[in-house]
Amino acid sequence: LGYGLVGLQPLDCEALCSADDVADTCSNDCSARSILSQPQKLRMYIRFLFLVVLIVLEILVIYHTRAFPINGIRLARLYNNQAIAQGQRVEGGAAVDQMLKLGLVQMP
């Protein structure tokens, strides 16, 4: 998403600490140095992603869920697939009959 464009400069801790006999301590120290050496611009970019972009995407998901709900035969198929996945038995028959059994439609 552009981490490199805003200045991400990771250290290759695995290569730096591979010959070291205390690799665990070296790896932890190297990881801490790598995090602390990142520019402020990168930190602001990540905060922007979390505080603005992800919230906007969540609002879009909410909108589209409300505007385009799953209903009718698609919902009946979804219920049937979930029942099969949980090891339950699915009754055969027409789609309208299955939707009636699930309570998704009312009798006219």
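Residues numbered from 1 in each chain as written. Predicted model: local features only at pLDDT ≥ 70, side-chain atom pairs only at ≥ 80, totals over all residues. Heavy atoms only, no water.

What follows deals with the overall build of the protein chain. A tally of helices and strands in the protein chain yields five helices and zero strands. Ordered by position from the N terminus, the helices and strands of the protein chain form the series α-α-α-α-α. Per-residue burial over the protein chain gives 16% buried out of 108 residues. Here the contacts in the protein chain between residues at least 6 apart in sequence split such that 46% fall between residues at least 24 apart. Total accessible area on the protein chain is roughly 8800 Å²; 62% of this is exposed by carbon and sulfur atoms. (Helix = DSSP H or I, 4+ residues; strand = E, 2+ residues; numbered from the N terminus. Buried < 20%, exposed > 50% of the residue type's maximum accessible area, 1.4 Å probe, protein only. Contact = heavy atoms within 4.5 Å. Areas by Shrake-Rupley, 256 points an atom, 1.4 Å probe, with all protein chains shown as cover.)

The subject of this paragraph is the state of the cysteines. With the rule as written, the count across this model stands at two disulfides. Disulfide pairing places Cys13 opposite Cys30 at an S-S distance of 2.2 Å. Its S-S torsion of approximately -85° makes the covalent link between Cys13 and Cys30 left-handed. Taken together, the residues Cys13 in helix 1 (residues 13–16) and Cys30 in helix 2 (residues 23–36) connect sequence positions 17 residues apart. When its relative accessible area of 11% is taken as the criterion, Cys13 is described as buried. (Disulfide = S-S within 2.5 Å.)

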